[in-house]
Amino acid sequence: MENSTAYLLSDSARLLRREFNVRVRSLGITSAQARLLLLLDRKPGENQAFYADRLEIEPITLCRMVDRMEDADLVERQANPSDRRARLLFLTEKSRKEIARIRQALRVLIETMLAGFSGEEESQLMGLLQRVSVNLGSTSNGESRHG
């Protein structure tokens with residue numbers, strides 16, 4: 001049971017990422033760019049290391065991506081008043097329009113993912129996934145809490 005549960009959760013996440021990639025690519029952006037824009041919408045004004053960590057990509061990879069996005073007027077870098085070496089990232093007016101398009105694509109994706117679920121089943125799934133997230137987030141050394 002443990003292995004099949006972990007596999008099913010992992011495979012569902014893989015399928016969700018794949019479908020997300022397809023949908024945002026149809027908008028003309030990469031999944032990494034879309035994820036950065038959505039993260040900037042929730043947590044603007046952090047340094048690039050913060051976003052690289054959250055997106056689980058190398059800082060140099062993020063820097064190059066931000067260079068391209070800045071050239072496309074999708075993000076802007078501003079000096080960090082407390083650290084002259086660091087640059088803080090912010091959305092632009094153009095990127096806010098892109099975020100609206102990304103969110104619409106996500107709405108359709110979520111509708112597809114949850115097709116046939118009742119409202120109660122959606123709530124149950126959300127609660128269970130939140131518990132999984134909390135359980136995994138509370139294991140700092142990577143060992144199972146259940147032996």
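In the block above lies the structure referred to throughout.
What you see is a predicted model; the values in this text were computed from it and never measured.

Colleague: Whenever I open this one, the environment of Ala86 confuses me. Can you help?
Modeller: Tracing the backbone through its elements, the reader meets Ala86 in strand β2 (residues 83-91). Of the residues examined, Ala86 reaches a relative accessible area of 14% and is grouped as buried. In this structure, the C-alpha to C-alpha distance between Ala86 and Ala49, residues 37 residues apart in sequence, is 9.1 Å. Filtering out sequence-adjacent residues up to four positions away, Ala86 remains in contact with Asn47, Gln78, Ala79 and Asn80.

Colleague: I'm lost on the pattern of salt bridges in this one. Help?
Modeller: Once their charged atoms are close, side chains differing in charge can pair, the charge on each being opposite to the other. What the rule picks out here adds up to seven salt bridges. A salt bridge links Arg14 to Asp11; its shortest N-O distance comes to 2.8 Å. Of this pair, Arg14 and Asp11 both sit in helix α1 (residues 2-25), separated by three residues, roughly a single helical turn. You can call Arg14 partly exposed: its relative accessible area is 37%. With relative accessibility at 18%, the residue Asp11 sits in the buried group. Among the salt bridges present, the one from Arg77 reaches Glu70, with a minimum N-O distance of 2.8 Å. The class for Arg77 is buried, based on a relative accessible area of 15%. Sharing partners across several salt bridges, the network here consists of Asp67, Glu70 and Arg77.

Colleague: Sorry, what's going on with the packing of helix α2 (residues 31-42) against helix α5 (residues 93-113) here?
Modeller: A packed helix pair is summarised by two numbers, namely the angle formed by the two axes and the spacing between the axes. At a closest axis distance of 10 Å, the pairing of α2 and α5 adopts a crossing angle of 110 degrees. It follows from the interaxial angle that α2 and α5 lie roughly perpendicular. Residues Ala34, Leu37, Leu38 and Asp41 of α2 pack against Ser95, Arg96, Glu98, Ile99, Ile102, Arg103 and Leu106 of α5.

Colleague: Honestly, the environment of Leu129 in this entry has me stumped. Any pointers?
Modeller: By the secondary structure assignment, Leu129 is in helix α6 (residues 119-137). Placed 120 residues apart in sequence, Leu129 and Leu9 show a C-alpha to C-alpha distance of 9.5 Å.

Colleague: Honestly, α2 in this entry has me stumped. Any pointers?
Modeller: Here α2 is 12 residues long and its end C-alpha atoms lie 17 Å apart, about the 16 Å a rise of 1.5 Å per residue gives. Taken together, the buried positions of α2 are occupied by Ser31, Gln33, Ala34, Leu36, Leu37, Leu38, Leu39 and Leu40.

Colleague: Help me understand the pairing of strand β1 (residues 75-80), please; the structure alone is not making it clear to me.
Modeller: Across a regular strand the side chains alternate sides, sitting on one face of the sheet and then on the other. Relative to β2, β1 is paired through six bridges, and the arrangement is antiparallel. Its bridge partner being in β2, Glu76 is matched across the sheet by Phe90. Connecting β1 to the antiparallel partner β2 that follows it, the hairpin turn spans two residues.

Reading the values: rules and limits
- Residues numbered from 1 in each chain as written.
- Predicted model: local features only at pLDDT ≥ 70, side-chain atom pairs only at ≥ 80, totals over all residues.
- Heavy atoms only, no water.
- Helix = DSSP H or I, 4+ residues; strand = E, 2+ residues; numbered from the N terminus.
- Buried < 20%, exposed > 50% of the residue type's maximum accessible area, 1.4 Å probe, protein only.
- Contact = heavy atoms within 4.5 Å.
- Salt bridge = Lys/Arg side-chain N within 4 Å of Asp/Glu carboxyl O.
- Axes fitted to C-alpha atoms, helices over the stretch in contact; angles between N-to-C directions.
- Parallel < 35°, antiparallel > 145°, perpendicular 65-115°, else oblique.
- Expected span 1.5 Å × (residues − 1).
- Pairing = 2+ DSSP bridges.

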